[in-house]
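Chains, contacts and geometry: an overview
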Amino acid sequence: MIRLAVSFVATFLVLAINLHTYALSFTTLNDSVEINFDDYQGTGFQPGGGGGTLDSEVVSAQLYVNDADFNPVFADLVSYGDTKGPGEFGRGISTTLPSEFGLFSLDLGGGDYALAGKSFQGQPDESFSAYIEVRILNDTGVSLSQFHLEYDLLYWNSADSSLYADGHIGSNDEGFSDVGVLLYETLEVADDNPTWMVEHFSAIINLPYFGFDLVEPVEPGEYFVVGLSVGPFTNSGLYDSVGWNNIRITILPEPGTIFSCVFGLAVALSCRRYKL
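Keep in mind the model is a prediction, meaning the values are calculated, not measured. (Residues numbered from 1 in each chain as written. Predicted model: local features only at pLDDT ≥ 70, side-chain atom pairs only at ≥ 80, totals over all residues. Heavy atoms only, no water.)

1. Examining the pairing of strand 13 (residues 175-178)
In strand 13, alternate side chains face the same way, and those of Gly175 and Ser177 on one face and Phe176 and Asp178 on the other are all buried. Both strand 12 (residues 163-171) and strand 13 contribute to a ladder of four bridges, which runs antiparallel. In the strand pairing of strand 13, isoleucine 169 is matched with serine 177. (Buried < 20%, exposed > 50% of the residue type's maximum accessible area, 1.4 Å probe, protein only. Helix = DSSP H or I, 4+ residues; strand = E, 2+ residues; numbered from the N terminus. Pairing = 2+ DSSP bridges.)

This is the structure in C-alpha cells:
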C-alpha cells in the first residue's frame, strides 16, 4: 500500500527540534520526555513560541494538496526558525473542526489541547497529504538503541473514505521507517454524528531497525525522531481529520545494566513534560 507521506518525506503535520536551541533532550539513561500542545492556540509559528503559536525552533510543518495522480499542486511549509501567522498553519481553536484546511488547536476540555489538522476538502480527484515529526536530542553522551514510544492519535470520522495515520521513527533525519504496530486506518464509513475519538499507541523500539530505511542507533549529538504521516488511500474529495497528542518517549536501559533494575522507579521520577 503506497503511503504518500514517505515518498514526499512530508504529509499533513510536522514537528522538529533545532540543534542550537534544543528544548527537548535526553540527558540521562533513564530519561523520559512527554510532549503536549496545551499552549498552542492556533495562531501560527514563531521562534520561541508564545502568543499561542508553536515554537518554530521546535516545530516545523508541511502541507500538500495533490491532483488525481497524487502529485502536489499546492505545498506550504514552516522551516525551522520561520515565522508564519494565521492561515494554513494557524486556524485558531475549535472543539470540532475549523472551516478551512490547515492546522489548529483542538480543545479537548479541562485545559487539554491537541495539535490537529482539518483535512483538505475538494473535488473528487483531489487529495491532501501531510507529516508530523518530533525529534529529541541525545545529550546523554552514549549511543541509544532502545525506546518506549507512546502517543494518542485523535480522529474525526466524517467521510466515507479511509485515511492512513502511520507512526514513523528515524535517527538524525537520515533513517526513516514506518513501524508496524503504529499503522492506523480510519473507517471507510462515516459516523452519522462525528465526534473526536482517540486511540492510544505504544511500541518498543529497538535499533537498528529496518523498514523503508535503516534506522541506526542514536549517537550522542544526534536526534531520535518520531513522525506521523497522514493521507488518503484513494481520491474522494472528502476526508476524515486527525490530531496528535501526549507523545511520550522513554529511553529503555540495555538488559542486564543497573539501570534496568530500577527502570520503573527512575522513569516515574525523571519524566519531564513539555508544552508546545
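2. Let's talk about the pairing of strand 17 (residues 223-232)
For strand 17, the buried fraction is high: 10 of the 10 residues fall into the buried class. The alternating pattern of strand 17 places Tyr223, Val225, Gly227, Ser229 and Gly231 on one face and Phe224, Val226, Leu228, Val230 and Pro232 on the opposite face, and all of these are buried. Two elements, strand 10 (residues 127-138) and strand 17, share eight bridges in a ladder whose sense is antiparallel. Pairing of isoleucine 132 across the sheet is with leucine 228, part of strand 17. The pairing of strand 12 with strand 17 spans nine bridges and is antiparallel. When the sheet's bridge partners are listed, glycine 170 is paired in strand 17 with valine 225.

3. Remarks on the nonpolar core
Among the nonpolar cores identified, the biggest contains 52 residues, and Phe147 and Ile249 are the most heavily contacted of them. Of all the secondary structure elements, the ones that give two or more residues to this core are strand 2 (32-36), strand 5 (61-66), strand 10, strand 11 (146-156), strand 12, strand 14 (196-206), strand 17 and strand 18 (241-251). Contacts of isoleucine 249, omitting those with residues within four sequence positions, involve Phe26, Asp31, Ser32, Val33, Ile35, Ile136, Phe147, His148, Leu149, Phe224 and Val226. The next biggest cluster of nonpolar side chains, apart from the first, holds seven residues, and it includes Ala114, Leu154, Trp156 and Trp196. (Core = buried A, V, L, I, M, F, W, Y, C linked by side-chain atoms within 4.5 Å. Contact = heavy atoms within 4.5 Å.)

4. Some points on the pattern of salt bridges
Under the counting rule described, the total for this entry stands at two salt bridges. Across the pair aspartate 76 and lysine 84 runs a salt bridge, and its minimum N-O distance is 3.1 Å. The shortest N-O distance in the salt bridge between glutamate 100 and arginine 91 comes to 3.4 Å. The exposure class of glutamate 100 is partly exposed, given its relative accessible area of 47%. We classify arginine 91 as partly exposed; its relative accessible area is 22%. (Salt bridge = Lys/Arg side-chain N within 4 Å of Asp/Glu carboxyl O.)

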